[in-house]
Structures are given as C-alpha cells and as structure tokens.
Amino acid sequence: MAAPRPLVAGNWKMNGLKASLGELEAIRDAVKAGGAGRAEAALCPPFTLVAAVAAAAEGSPLAIGAQDCHAKVSGAHTGDISAQMLKDSGATYVITGHSERRADHGETDAIVRAKAAAAIKAGLTAIVCVGETKDERVGGKALDVVSGQIEGSLDPDFPATNLVVAYEPVWAIGTGLTPTAADVAEMHAHIRAKLEKTYGRKGVDIRILYGGSVKPENAAELMGVKNVDGALVGGASLKAKDFMGIAGVYK
Ligand code: PGA
C-alpha cells in the first residue's frame, strides 16, 4: 500500500513580524523550485501574518496554516479567531491541541476535539497534536497517554482526508532532545493502529507527523522511520535554509 504524501509543516509559534516575510518568500521560492521533492510544504505563521503570508504564497505549492482556532464560528469571544476567519484569510491548515496550548491555556482533549471539528467544518485540515511528558515517558506511560489523547481529541466522524496527527513528545519540543528512532517507530505504529481502528481503511492514509527538535541534521533519520509521514517543525522553520534542509529529505 502506498504511503501518504508526506507533509512538512513549519510552526512559527509566537515569532514573526512583517520583516519575516523575506524568509517566507525564500521558502516559497525553494518549494516552487522543487526543494520539498514529493512532500507538501506548509507554514503556520502567527495570526497577524496569515493573510500576508497566504497572499505571498498564492499560486505557489506552499500551503498556509494557523496555530489555533476557536471552536465556534463567530460570536462574543473577544480576542479569538474562528476557523472560518482563517479560511477566509487563505489558510488551508490549522494546528489544534499543540502541547503549548494544552499547557498555557488549559486546553483539554474535549476542547481540542471541538476545535478540530470546527476547523474541518470550515473546510480546513486539522493538524491535531498529541504527545507525552518526560515523566510519562520515564514512567512507561507514553503509549497509554497518547492513546487517551487520540481517543479524546479525535471524533470517529471526522473525515480522514481532513485530518493530520502530529506526535510531539513534550520533552522533545525546543530542547534539542529527540526520541530514538525505535521509540518513534513504536509510537507511530501505535498511532497508526489506533487510526485504522477508528477510521478503517482510511486510517492508513492519515498523515502522522513527528515533531520535536527536528533539524536538517536529524531529519533524514526521523523521516525515514516507518509510519512517519513528515514533520511539524518549530524553531528550524524560522530560517528558510533550515526548513528546506528538512523538507529536502523528500527530494
Ligand atoms: P521545535 O518545536 O521544532 O522547536 O522543537 C516543534 C513544535 O512545537 O511544533
């Protein structure tokens, strides 16, 4: 069975001003020139840049996403952004349930699931993040924790075509630490089995990204692991050279 088309998505987090559009243009041009090979490339800038980045990427193969959305379409939710607004701004992806949002904003699996549902309803593809903490990994609970997050954050009624899952061990994010290839293989096989159980045959085609300290130096090894269908890249997505060094493993 053919593996799904890989996705390499950059998460700029709370970084990026108008001056950063130069990096975006460099990424766009490199992707246009075939630098991501058979992979799809996407960038998720902060909300303030989504429209500008989407305009700059228009007509190119670079996809644009955002880093969060509200579960409601509109209404009295001061400071929030709906999935429909993101779609209107040119986004096609949105990250939901990133561990920083789960930690900083108390987002539960139920909230993440409602946000992903809103994203899908608006016509976006949701990149739903899961991953264990260091204590959970050391305590031998990583597989169970991620199982619980998947069950809680994904609705069996979600269309598999609008769903991406990102496995991001919390302790690997921004730390320079990464799990061993064997641990990544074990976790991704575990997630794949759960997706197939939930979505049947369509679960085979749901992309499972690895995220957490992905760099050009470790990308080939991590992306070469079975059931790893791309990467969610934080720090290294801020520089075109580093991002393309990661996406370039699919050339
Ligand atoms: P990192 O972040 O690549 O900087 O570790 C990954 C993420 O949080 O998506």
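Residues numbered from 1 in each chain as written. Predicted model: local features only at pLDDT ≥ 70, side-chain atom pairs only at ≥ 80, totals over all residues. Heavy atoms only, no water.

Focus on the side chain of S237
Item 1. As for its placement among the helices and strands, S237 is situated in the loop between β8 (230-233) and α10 (240-247).
Item 2. Only 2.7 Å separates the side chain of S237 from the backbone oxygen of G234, close enough to count as a polar contact.
Item 3. Here S237 is in contact with G10, N11, W12, I27, L43 and F243, once residues within four sequence places are set aside. (Helix = DSSP H or I, 4+ residues; strand = E, 2+ residues; numbered from the N terminus. Polar contact = N/O pair within 3.5 Å; in protein donor to acceptor, adjacent residues only side chain to side chain. Contact = heavy atoms within 4.5 Å.)

Remarks on the packing of aromatic side chains
Item 1. A complete count under the given rule lists one aromatic pair for this structure.
Item 2. One cation-aromatic arrangement involves K134 over W171; the distance from NZ or CZ to the ring centre is 4.3 Å. (Phe/Tyr/Trp six-rings, centres within 6.5 Å; stacked < 30°, edge-to-face > 60°. Lys NZ or Arg CZ within 6 Å of the ring centre and 35° of its normal.)

Concerning the layout of surface pockets
Item 1. Each pocket or cavity is described by its volume, and for the largest pocket that value is around 430 Å³.
Item 2. Lining the largest pocket are 18 residues, with K13, Q67, D68, R101 and H105 positioned closest to its centre.
Item 3. For the lining of the largest pocket, the element with the most residues is helix α4 (residues 99-104), which contributes three residues.
Item 4. For the lining of the largest pocket, a count of residues per class yields six nonpolar, six polar and six charged.
Item 5. In this structure, the second largest pocket occupies an estimated 310 Å³ of space.
Item 6. If you go around the second largest pocket, you meet 17 residues; those closest to its centre are A3, P4, K226, N227 and D229.
Item 7. Its residues assigned to classes, the lining of the second largest pocket shows ten nonpolar, two polar and five charged. (1 Å grid on protein atoms, 1.4 Å probe; cavity = no way out; pocket = protein on both sides within 12 Å on 5 of 7 lines; lining within 4 Å. Points joined across faces, edges and corners; volume = space filled by probe spheres on them. Nonpolar A, V, L, I, M, F, W, Y, C, P; charged D, E, K, R; others polar.)

A few points about unusual backbone geometry
Generally, phi is negative for residues other than glycine and the peptide bonds are trans, each holding for most cases.
Item 1. Not every positive phi belongs to a glycine, and K13 is a case in point at roughly 50 degrees.
Item 2. Note on placement: K13 falls in the loop between β1 (7-11) and α1 (21-32).
Item 3. Of note, N227 is a non-glycine position whose phi angle comes to about 70 degrees, a positive value.
Item 4. Structurally, N227 can be placed in the loop between α9 (216-223) and β8.

Details of the environment of I127
Item 1. Residue position: I127 is located in strand β5 (residues 125-130).
Item 2. The residues contacting I127, other than those within four sequence positions of it, are L7, A9, Y93, V94, I95, T96, V164, A166, L209 and L232.

Thoughts on the nonpolar core
Item 1. Formed by 66 residues in total, the largest nonpolar core has its most connected members in L62, L154 and I191.
Item 2. No other element matches the six residues that helix α2 (residues 47-57) contributes to this core.
Item 3. In contact with L62, not counting residues within four places along its chain, are L24, I27, R28, V31, A41, A42, L43 and A57. (Core = buried A, V, L, I, M, F, W, Y, C linked by side-chain atoms within 4.5 Å. Buried < 20%, exposed > 50% of the residue type's maximum accessible area, 1.4 Å probe, protein only.)

These figures capture arrangement, not role.
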